Every structure is written in structure tokens, then in C-alpha cells.
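Structural features, examined
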Amino acid sequence: MLNKQMIVQTLLKERSFTPMVVKAKAFAPSNIALCKYWGKRDETLNLPITGSLSISLGNLGATTTVVPINEASDCIIFNGKVMDKSMPFVQKISNFLDLFRMDQNQNMHYQVETSLNIPMGAGVASSACGFAALVSALDSLYDWQLKPFELSILARLGSGSAARSFWHGFVEWECGIALDGMDSYAKPFPHDWKALRLGLLLIDSNEKSISSRVAMQRTLATSPFFDAWPKTQHEDMILLKKSIEDKDFITFAQTAETNALTLHALMMSARPQIVYSKPETLNMMDKIWQARREGLNVFFTQDAGPNLKLLFLEEDIDAVSRIFPLLKVIAPFNLLDQEC
Ligand code: 2P0
């Protein structure tokens, strides 16, 4: 059976493990899926059953600095604070770094300092941009000069959605068919859309009750409707890509919304059920649908949590903000317009 270590060894074959700089730094944007990744054909390598398509959040994401240290364990610093080694996410990062401890590098430990400029608790996953930034920083530290698809494969081993966090704009992650996943990586879907806006609507910032990993496994194993998901996903991908090419906002945003609702319906049909929505999530959906009935083109997508991400166009910022005054508005294609 293939494991992560074999993949890393294949990709880094003949690459040096001598640090070329004292400290390496990299940034990776966060991404929101418009056509979701849900269900793995390989649990170990995070290989998806379907392709997915995301939009990156411009200059909102993770900046990670990696420094080799002469210590017996890694030191993980998050937003300025040293994290306790017993924390699950610290262990997840250390386990990931273990993959790069081979041959002459086996005793190497790192100080990994990550800062997020996404508002904490905004319902935007930090693991995707975190793993992507970490892989890019390691690439710089050792001057491996890996190709973008190779970086995407390495980051996927940390967290599936991290495969999509290496580019700005729209990004497509192909599911691939190879057992080793060497054909399962992301690449840009090269169409921009300057007028597109994304709004982060925070409903609940508490940690989710069930991880995406466990929720994916359970949905795949128990939902009586899972068989329908790959077909729906394939059709949605075609619609979404065509609507981006045509700048057909209604088809684009309606497809993203339906894709998210289909995903949540699937999860609700798992046994036992997985329900990420809170009563307030449904209230907000209702507000969005009401606004649409009144002629405002606002739609949403939802990930593995109760928060919503609104989709609308620049011309409707004021109208949407009047309904949702606390909305954090992001212009994914206008990098300079965003706060850091
Ligand atoms: C996505 N999500 O496409 C989907 C939609 C959440 C909902 O990818 O187990 O943290 O590390 O591969 O990437 C969240 O799952 O899962 C996710 P792992 P990941 O963005």
C-alpha cells in the first residue's frame, strides 16, 4: 500500500536537504470551494472522488516562516503564540514535517511560525492556506524549485483542500485516477472576474463538532445518496466553468449555491446525521432568498461549518451590506483593495 512518505520520497528524489537560507518565508491564500471536495478515493493520500473548483481570497491567507532548529521537537507558533505540543493541530503539523525527515535530514526539526490575516473565527479554513504556505516555505528553505503541481501534491498530503491554495483566482483540482495520486493536483482556471465579490458571514465561530475528515468518511460510508454525488459534481463543474468563461453570474452563483446545498443534504443523510447548520444559518439563507425574490442577485456557499460565504457583484455591495451590515467583503481579483 502506498503511503505519504513514498510520495514525498518520489517527489524529492535527488533533492538536497541542506538549508540554503537561515529562514524561509512564504504566503498562501485561503480558498473557498465553489464546487466542493467531499469524499476520498484514498484516505491516506487525500485523493478525492471528484474534482473541485475554488476561488482564492486574494491576499487573505497564511504567511509561514520556517527555521531549522537544533531541538528535539518542532516548535509551532501561531499568530505570535507558541502552541502547546499536545494540541491536535500542532501534532498534525509535526506529523506532516515527519514526512520530510529522511536520510540525512532525519533529526532536523523546525520552528514554524504561521500568521493568518483572515479574521479568526470567520469560518474560513486555515489548514488549506497553512499547509500550502508551509510547503512553499520548505521549498524555499531547501531551494528545491519544485513545480507548482508538485507543491500542490505535497500540500494535499497535509490537507486535501491545501492542494488548491497555491494560486490567486479560480483554481481547479483534478481528481485524477492514478493510485499514487501523481495526477491529482490543482492548477489555475485562468479566468478573472474583477467585479466578483465574496462576503464572509460569520454565524458561529465555535470549533466544529465533527472534523471534515471524519464527516467525509461517514458521508461516503453511510449516505444512501452518495452514489449521486459524483454525477452532480461533474455536471456542476461543467456549468460552473462555462458560467465563469461567459461571466454569467446567475448561473455561476446559483450553481455554487446548489452544489453546497446538495453537499449539506448528503451530510444530513449520513448515519448518524451530520448537520453543520445552526438555526441562524437557516435564518440567513432565508434572508438571502428573500433578497433574491426582491430582485437582488445575492447567493451563498457553505462549507463544513455553520457560516455562509455570500456571492455577489461589485454593483450590489451597498444593497448586500445593508442587509448584512457585519459582512466582511472580499474582492478576490483586486489584491490591492484588501486589508492585510
Ligand atoms: C472543500 N471542504 O472543497 C470542502 C468543502 C469543506 C467543505 O475540503 O481531510 O480540511 O484534510 O483532506 O481539506 C475541508 O476538508 O479535509 C474541505 P482533509 P479538508 O473545501
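Up top is the structure.
The structure contained in this document is the topic of the report that follows. (Residues numbered from 1 in each chain as written. Predicted model: local features only at pLDDT ≥ 70, side-chain atom pairs only at ≥ 80, totals over all residues. Heavy atoms only, no water.)

1. Considering the overall build of the protein
Counting secondary structure elements, the protein contains 9 helices and 13 strands. Over its C-alpha atoms the protein spans a radius of gyration of 20 Å, differing by no more than 12% from the 20 Å that the globule rule assigns to 340 residues. With the principal axes as the frame, the protein shows a C-alpha extent of 65 × 45 × 40 Å. Residues classed as buried in the protein amount to 54% of the 340 residues present. Element-wise, carbon and sulfur atoms account for 55% of the exposed surface of the protein, whose accessible area totals about 15200 Å². On the protein, the mean spot of the 33 positive side-chain charges and the mean spot of the 36 negative ones are 2 Å from each other. (Helix = DSSP H or I, 4+ residues; strand = E, 2+ residues; numbered from the N terminus. Rg over C-alpha atoms; globule rule 2.2 N^0.38 Å. Buried < 20%, exposed > 50% of the residue type's maximum accessible area, 1.4 Å probe, protein only. Areas by Shrake-Rupley, 256 points an atom, 1.4 Å probe, with all protein chains shown as cover. Lys, Arg positive; Asp, Glu negative; His and termini not counted. Charge placed at Lys NZ, Arg CZ, Asp CG, Glu CD.)

2. Re the packing of aromatic side chains
Applying the stated criterion across every chain, the model contains 17 aromatic pairs. A ring pair is formed by Phe170 and Phe252, whose centres lie 6.0 Å apart and whose planes are at 75°; its orientation type is edge-to-face. In this pair, Phe170 is assigned in strand β8 (residues 170-173) and Phe252 in helix α7 (residues 249-268), connecting sequence segments 82 residues apart. Each member of the pair, Phe170 together with Phe252, is buried. Each residue in the set Phe17, Phe96, Phe100, Phe131, Tyr142 and Trp144 is aromatic and connected to the rest through ring pairs, giving one cluster. (Phe/Tyr/Trp six-rings, centres within 6.5 Å; stacked < 30°, edge-to-face > 60°.)

3. Things to note about the pattern of salt bridges
Applying the stated criterion to the full structure yields 12 salt bridges. Here Lys187 ties to Glu174 by a salt bridge, and the two come within 2.2 Å at their closest N and O atoms. One end of the pair, Lys187, is in strand β9 (residues 186-188); the other, Glu174, is in the loop between β8 and β9, and 13 residues separate them in sequence. A relative accessible area of 31% places Lys187 in the partly exposed class. (Salt bridge = Lys/Arg side-chain N within 4 Å of Asp/Glu carboxyl O.)

4. Here's the deal with the site of the ligand
Neighbouring residues of the ligand: 16 residues in total, closest Tyr37, Lys40, Ser159, Gly160 and Ser161. The separation between an oxygen atom of the ligand and a polar side-chain atom of Ser161 is 2.6 Å. Taking Arg164, its side chain carries an N or O atom lying 2.8 Å from an oxygen atom of the ligand. With the chains in place, 92% of the 470 Å² that the ligand exposes on its own is no longer accessible. The dominant element in the shell around the ligand, judged by the number of residues it contributes, is helix α5 (residues 212-222), at 3 residues. Of the residues contributing to the shell around the ligand, the split by class is 5 nonpolar, 6 polar and 5 charged. (Near = heavy atom within 4 Å. Polar contact = N/O pair within 3.5 Å; in protein donor to acceptor, adjacent residues only side chain to side chain. Nonpolar A, V, L, I, M, F, W, Y, C, P; charged D, E, K, R; others polar.)

5. Describing the sheet that holds strand β11 (residues 299-302)
Reading across the sheet, the 4 strands line up as β11-β12-β10-β13 and stay open at both edges, with antiparallel pairing between neighbours. Each having just a single partner strand, β11 and β13 (328-330) make up the two edges of the open sheet. Each adjacent strand pair in this sheet contributes to an overall mean axis angle of 30°, direction not counted. Across 3 bridges, strand β10 (residues 196-201) lies against β13 in antiparallel orientation. When the sheet's bridge partners are listed, Gly199 is paired in β13 with Val329. Against the sheet, α7 touches β10, β11 and β12 (308-313), its axis set at about 35° to β11. Across the sheet, helix α8 (residues 279-293) is in contact with β10, β11 and β12; its angle to β11 comes to roughly 155°. (Pairing = 2+ DSSP bridges. Axes fitted to C-alpha atoms, helices over the stretch in contact; angles between N-to-C directions. Contact = heavy atoms within 4.5 Å.)

6. A look at helix α1 (residues 4-11)
What α1 keeps buried is the set Ile7, Val8 and Leu11. The arc that holds the buried residues of α1, viewed along the axis, is 95°, so those residues lie on one side. Looking at the buried positions of α1, the neighbouring elements they touch are α4 (148-158). A side-chain oxygen of the first residue of α1 lies 3.2 Å from the backbone nitrogen of Gln5; this N-cap is Asn3. (Arc of directions from axis to C-beta.)

These figures capture arrangement, not role.
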